[in-house]
Structure formats: C-alpha cells, structure tokens
Amino acid sequence: MRSSGRPASGRRFRPGAVVKAPKEALGGRLSALVLRRRWAVLVATLCVVLAAVWWGGSAHEHLTAGGEAPASAESMRAKRILERDFGSAAPDVVLIARARLTVDSPGSAAAARRVEARLRADPAVASVRSYWSTTSAALRSRDGRSALILVQLDGEDAHTTRVADRLVPQVTGRQGALTVSATGEAALRAQVGRQVEKDQVFAELLALPVTALMLLFAFRSAVAAVLPVLVGTLAVTVTAAVLRLATLFTPVSVFASSISYALGFALAVDYSLFIISRFREELDNGHSVEGSLRATMSTAGRAVAFSAATVATSLAALFIFPLPILRSIALGGITVTVSAAALSLLVLPAALCLLGRRTHRFDLFASLRRGRATRAGTMTRAGTNDQDMLRSAGGPTGTERGFWGRIAALVMRRPAVVSLALAAGLAVMASPFTRVEFGMFDDRLFPTTSEIGRSGQALRQDFTDGGVASPTTVMLPGFDPTTAAGHLDRYARAVSAVPQVRRVETATGSYQKGSRVREAGPASASYAGRRGAWLSVTTDCEPFSAQARRVALAVRALPAPGPALVGGPGAVLADMHQSIADRLWQACALIVAAMTVLVLALTRRPVLALKAVMLNALSLSATFGALVFVFQDGHFAGPLGGFTTTGTTDIQLPVLIFCIAFGLSMDYEVFLLARICEEYRRIPSTAHAVVAGLDRTAGLFTWAAVIFATVMAALATSDLVLLKVIGVGLALAVVLDATVIRGLLVPAVMAVAGRANWWTLGGTTVEAGMPARRLPHGAPSRTTEPQLPSARDAAPAPGPELPKGERP
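Residues numbered from 1 in each chain as written. Predicted model: local features only at pLDDT ≥ 70, side-chain atom pairs only at ≥ 80, totals over all residues. Heavy atoms only, no water.

Caption draft 1: Seen up close, the sheet that holds strand β1 (residues 93-99). Taken in spatial order, the five strands of this open sheet run β2-β3-β1-β5-β4, and their pairing is antiparallel. In this open sheet, the two strands that pair with only one neighbour each are β2 (125-130) and β4 (173-175). For this sheet, the mean angle separating the axes of adjacent strands, direction not counted, is 30°. As paired strands, β4 and strand β5 (residues 178-183) are joined by three bridges and run antiparallel to one another. For G173, the partnering residue across the bridge sits in β5 and is V180. Most of the contacts of helix α16 (residues 451-462) go to β5, to which it runs at about 95°, and overall it touches β1, β3 (146-153) and β5. (Pairing = 2+ DSSP bridges. Helix = DSSP H or I, 4+ residues; strand = E, 2+ residues; numbered from the N terminus. Axes fitted to C-alpha atoms, helices over the stretch in contact; angles between N-to-C directions. Contact = heavy atoms within 4.5 Å.)

Caption draft 2: Structural view of the packing of helix α14 (residues 403-411) against helix α22 (residues 686-716). Viewed as axis vectors pointing N to C, α14 and α22 meet at an angle of 135°, and their least axial separation amounts to 7 Å. Between α14 and α22, the angle falls in the class oblique. Considering how the two elements wind past one another, α14 and α22 form a crossing that is right-handed. Residue-level inspection shows W404, G405, A408 and A409 of α14 in contact with α22, the latter providing V691, L694, D695, A698, G699 and T702. Of the residues in the contact of α14 with α22, the class split is six nonpolar, three polar and one charged. (Parallel < 35°, antiparallel > 145°, perpendicular 65-115°, else oblique. Left-handed = near helix turned anticlockwise from the far one by under 90°. Nonpolar A, V, L, I, M, F, W, Y, C, P; charged D, E, K, R; others polar.)

Caption draft 3: Fine view of the nonpolar core. Within the largest apolar cluster, 171 residues are counted, with the highest numbers of intra-cluster contacts made by V192, F255, Y271, L318, F708, M712 and L730. Looking at this core element by element, the count peaks at 20 residues for helix α21 (residues 653-682). In this structure V192 touches A65, V254, F255, L445, F446 and L720, once residues within four positions along its chain are discounted. The next biggest cluster of nonpolar side chains, apart from the first, holds 36 residues, and it includes A112, V128, Y131 and L178. (Core = buried A, V, L, I, M, F, W, Y, C linked by side-chain atoms within 4.5 Å. Buried < 20%, exposed > 50% of the residue type's maximum accessible area, 1.4 Å probe, protein only.)

Caption draft 4: Looking closely at a nonpolar patch on the surface. Among the surface-exposed residues, F202, L206 and V210 lie close enough to one another that they form a single nonpolar patch of about 230 Å² accessible area. Structurally, F202 is set in helix α7 (residues 185-219). (Patch = residues over 30% accessible without salt bridge, like charges linked within 9 Å, V, L, I, M, F, W, Y side chains within 5 Å. Areas by Shrake-Rupley, 256 points an atom, 1.4 Å probe, with all protein chains shown as cover. Salt bridge = Lys/Arg side-chain N within 4 Å of Asp/Glu carboxyl O.)

Caption draft 5: Summary view of the side chain of S181. Following the sequence through the fold, S181 ends up in strand β5. Residue S181 is classed as buried on the basis of its relative accessible area of 18%. A distance of 3.0 Å separates polar atoms of two side chains, one belonging to S181 and the other to S455. Dropping the residues within four chain positions of it, S181 is found in contact with V94, L95, I96, T172, E451 and S455. (Polar contact = N/O pair within 3.5 Å; in protein donor to acceptor, adjacent residues only side chain to side chain.)

Caption draft 6: Fine view of the pattern of salt bridges. One pass over the full model with this rule turns up 25 salt bridges. E74 is the partner of R556 in a salt bridge, and the nearest nitrogen-oxygen pair spans 3.3 Å. With R556 in helix α18 (residues 546-557) and E74 in helix α3 (residues 74-86), this pair connects stretches of sequence that are 482 residues apart. Residue class for E74 comes out buried when judged on its relative accessible area of 18%. Of the charged contacts, one joins E669 and R742 as a salt bridge, the two residues approaching to 2.2 Å between their closest N and O atoms. Of the two residues, E669 is situated in helix α21 and R742 in helix α23 (residues 721-753); the sequence distance between them amounts to 73 residues. Each of E281, R675, E679, R682 and R696 takes part in salt bridges that share partners, so that together they form one network.

Following this line, the structure appears as structure tokens:
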C-alpha cells in the first residue's frame, strides 16, 4: 500500500493498473502465514480456547463491585484511620425493620433483639447498632413504624461484599413482628454482582440470535453469517480468562466483564464483517481463493489492524486515571479488542481459506440477487459509457450507486450548507451537557421495583436523619480532646455552621447551626481516643450528590485544630472529581495524539487526520448532551425500561464513554478513509474517491453500526442504570457516527477541503486531469495479484505517471 516515491518521466500511470504488494507488508505476511499454516492456526486456536474455557469459567466469582476512589485519596485514608483507631465506620449493611404496629411494641423489640443476636454471633460482624440498643431518635422513622439496624463488617470491600451476600438473606424478610429489608454499601455491592451476572446471561441470549439473524440478512449466506458470531464468542472467551488471571494480582471490577464482553463481541462482528465482505467481493471479481485472501488482508486486514490499534489506544487512556473501575474496564476492553483483531486477522482468514467459495452457500436470496445482476448487465449493454460516467460524476453513476453513494453525491453539491447545518444540529444536541451535575450512583442504580431500591427510597423518605447511615466524617489524627477541648468545640461549631450541615457529633458534645445543643454523653468515647478524635457530620444532602461534594469541600476549607482528613460519601465524590479533573487533559492529549498518528500512518495526510479528530469530538459532544437530557433530566425513562433520576450524572461515565466511543468512531473512520484513499490512488479525484469510497463501504457501516447498536441495546436492558447509560451512550454514538458523521459530514467536509485533503508532508496534491509533480502516498494501488476490472473500472480516465520500473 506504500508509494514508490517520485514519478518517472515518460511513463503514465493508468488507473486500475496493479503491481504486486511488497513482501514485507503486514497483509502480505499475514496472508502468507495463513496460507501456509491454516490448519496449524485453527488447531492452536482450539487449544487456546479450550484452556480459556477451563480457566475463565469462574472469572465472575472473583470480580468485585467496589473500589470507587483511589487508595491514596484523603477520603480513603480517613476511612482507614476511623476503622483502625476507633473501630468505627459507616455501616456496611443498613437493615430497615418495619413493624406491624410500632417499633416500640414488645413484639417488635423482641424480634429486633433476635435479629441483633444472630448478627453478633457471626464472626465477620464487627459491630451492631440499632434503635432498640441506643434509643437514638435518628434511627427511628417519622411515623414510628420503622427503625434501623446498622451493621459494620470486618475486612476490605471484597470480603465485606461476600459476607453481605451470605448474611443478608438470613436476616431479611419476615422476622417475627418485623419485616426486614437491606441496603447499605456492602449489600449494594453484593446485589450488583448478582445482577450483573444475571443481565450478562440475558444480554448474551438476546444478542447472539439477533446478531446472527442480522448477519444472515447482510451476507445472505448462512455460512458467512456464522463466522462473525463464532469469532465474537471466541474473543469473549479469551477475555474472560485474562480477567480471571488479572484477579490474582489486582481487584477487577464486575463491570469490566459486562462492558468488555459486549464491546468485544460487537468489535469482532464488525471486523469479521469487513473482512468477509471484502473476501467475497474479491471472489465475485473472479479472483482465486488465495488471491482474494491476499487482496483482503492487504486492504481490509490492514484497516482492521489500524482500527484495533485506535480502539486499544483510546481505551489505554483509562489507565491514566487512578480509579479501580476505569482501570479494570481498560484492561478488559484492551484485551477483548486485541483478541477480536487477532482472531479476525488469523483465525478468520484460515477459515475463509478452507471454505473458499462455500462462503456463498445457503444464500436465501439467490434468485433476487441473480435478477438484480441481470438487470444491471442489461443497463450496461445498453451503451452506457463508464468512462463518461466517471468523468461527469466523479464515481459510479446514479444507476450504479447505492443509497449512501447517491447521498454523498448530493451532499457534495452543497457542502458548505450541509456542513454548517449539521454542525449546528449537533451543537444543539450537545447543549444539555453544559448543565451537567456530577455525582455517583447509590441504591438508585437499581429500579425502585427492586427490593434494594425500595429500601433506599424508604431510608430517604421515612427517616429525618437519613444521612445517619452514611455521614461525613472528619478525622483529627494525633489530636487530644482532653487537653484541647476548647479548640475542638470551636471547630465543631464552625463545621455545624456550614450550609446543609444538620448536626455534628464529637467527643465534647452535639452541635447544630453553630451552637452546642448537648453536652458529651456516654457515646462520646467513640469520638475520641489516645490517637486523636473524629467528628460525625450529618447533612441534609443525599450521600453521593453534588451538594454532598460541596459540603465536603467546604469542611476541608475550614481551619482545623490540627491535621484533618475529611471522609464519607461526599468526600469520596470530591476525591474522584479531583482525580479525574487533574488527569483529564492528559487522557485527551494521549487519545488525540495517538489517533492523529495512527491516521497519519494509514493515510500520510494531515488534513484527513485533523478532520477525523474534529468530527469525532463533535459527535461525542452530541452524545454526551443526549445522555444528560435522558438520564440526568429524566426524559424517555419509560421506553428505556424505567430508571430513577437522581439529577446527576455519574462522575466516571463521561470519561468512560469518551475513551470507548472515541476509539469506536475512529474504527469506522479508518475503514472509510482506507477505502477512500484506495479509490483516490486509482483515480485521483476527490469527488470520485469520496463518492465511490462511501458507496462501497457505507452499506457495511450501516450493518456494522446496527449490529453494534443491537449488542449495546442488549447491554442497556440491564436493570443497573450504569450499564443502561453505557449501552445507550455507545449505541447512540456509533449510530450517529455511522450515519450523520460518516454518511453526511465526511463528504461535505472533504468537498469543502478539496485538494487540501490529499496534501502530504513534503509533497503536493494530485487531481484528475492535472500534471503530477509528486504522487500521493501509496500510489499506485498495490495488491498481490492482478485484479480484473469491474464494469465501473473498465474504462478509466488518464492519471498520473507510473513510477519507473513498474509495469501497468
């Protein structure tokens, strides 16, 4: 695919002329390897897959749903000190006990004591505190019919999640005169793990048959339709084994499995779709099986390699953020992308080589296709001159163009108007993102119809101090309240005066709105010790809301009587926000630079690289705006299966969707630019290259986008809002990219750029009918064997000169 350099005088390059590909080319090496070792490749793959099935079958059991903030964050350090030095922390499990009459009745009290006794008997339970054991009004509901039991567990997040998964079913449901339900962080994580596994099975059962059916319509061959599904399944199997291996060294988020499995299956289908389509196209042009495979690997195979590199590089930017969930998803996403590409470039060609022309077998629409071919042949024999068509329209004629080819030709007649109109429309779509409020999901990750969703809703509605289950904590390590009680008193008064702070509990007493309301009582010992003191701050905010983050930042800004560490949900959100904000520019710079370099390596044309990055950014901005409009503002909740609106957008989702969707957008851009540049090398005309390139690839983009959106829609059927947002966001981004961006904006912008599209570093441009001073990179087109010209290529227009030593 590389240019031979400067043209030699006296020789003219005829478009359509072909020379052999260099042996060192990627496609040449891969096709040669597959042709020589086809059976060895298939047998080796079978062995790897069997090992992956054995090792990765238990991967889900070792994944975790915790690990939001980095371990070095202030909120995490405060949590560790609170647990180590004071034996206290926010409860891992919150039990809501609802009585038939009142919680003060003898029957309710007896039932509560039995539940508490069962909890205390479990060796994994560190402490149990309830309304019945403390008589605290904060643990009693407004109507007096519900009360809280707060359970703290021993161990790290992964251990407490397993304990909650085992313990919660034993103490919930009907317990004498009480009906008990559960919420809390550990209970939530345990339920997330179960729900992810359930949703994953459902999504696979939904996506597999639907994808197979769509591929059958796309390929019109059962043999060809089965291959992408097989490649996708193998890629997911290998990824499961890699994730299981990673759990031996680091915690891996349970969300990494769902997202990477869906992403890998969709990418494998996309890659297979492009390779199989090009292989069948070469066969239809009269080439041998071996020649078709070589041509496929030199064109579509090379584009797949670049595409996988763009997606993997974009996902690698997630490693910049010190957040366990993002890093887990990056690991799974990169693994599944590389697996999908490797299987598509090695195993799939080996299968195609063995199947050969049998990839056309079981064509359900064979008679329809023969009828269309007959009509096309009649029109060609009627006297239409192909060369005249190419010269007048810059590509296939209206009778030969497909839908997207005709659209591209229309767009390129008024490119400036189309570009401005589409850019304005996408800007309107992006506008809701300007009012984004960042937060984190809590129990509303689940629908209100679920038990844990109802429990969380009851905690917020029925209890005056709903924040008692997840307070903001202020650690003062090394502070001695016995000798400096006055300093602690003044500091507690200042904290209680912060807006939206309801109450502050310390070793010296209780404070509200800048005043002391109660002297230190028996519980004060839990707020002070030889190694320091701590404050429990109850607020009017929801735990992981933007307001809770602002309260945590306000408390951190107050002068303290010593080193202070602020923890709790609002502080966790603040730390995550800061971690992302500090490193966001690095991730964006890495992605933009890597994408630019990769597109330059593929095309050697800076204008095309710049255009690709700018259009991708515009497309993703529109996607983010749509997600805020739907999930933050609460529109279309019904059609999307129902979800609870929190008024915020999870802080990790924009970064996650940006890194994944940017790579996917470049995926289609790579395939489109590869074909456009191929057409331009054949006939150096911008109009022809864009119309013909889009006409011959947009059908594949449409099917690829629809299939990808289908897989993401299956992910969006999850009851977990986080997976629903990711599924809808990626589906929308891909469909928008494959239609509005690639189908409309790309031809419009390239028409506006004109000859500038083909400028190369240190070179000049070439247009049809103009003298060539320097050939564009890659001219003339190279494949491994002479290609038979199609009807549209039979009478090419004159073109640039052929370099010395190359035969037409």
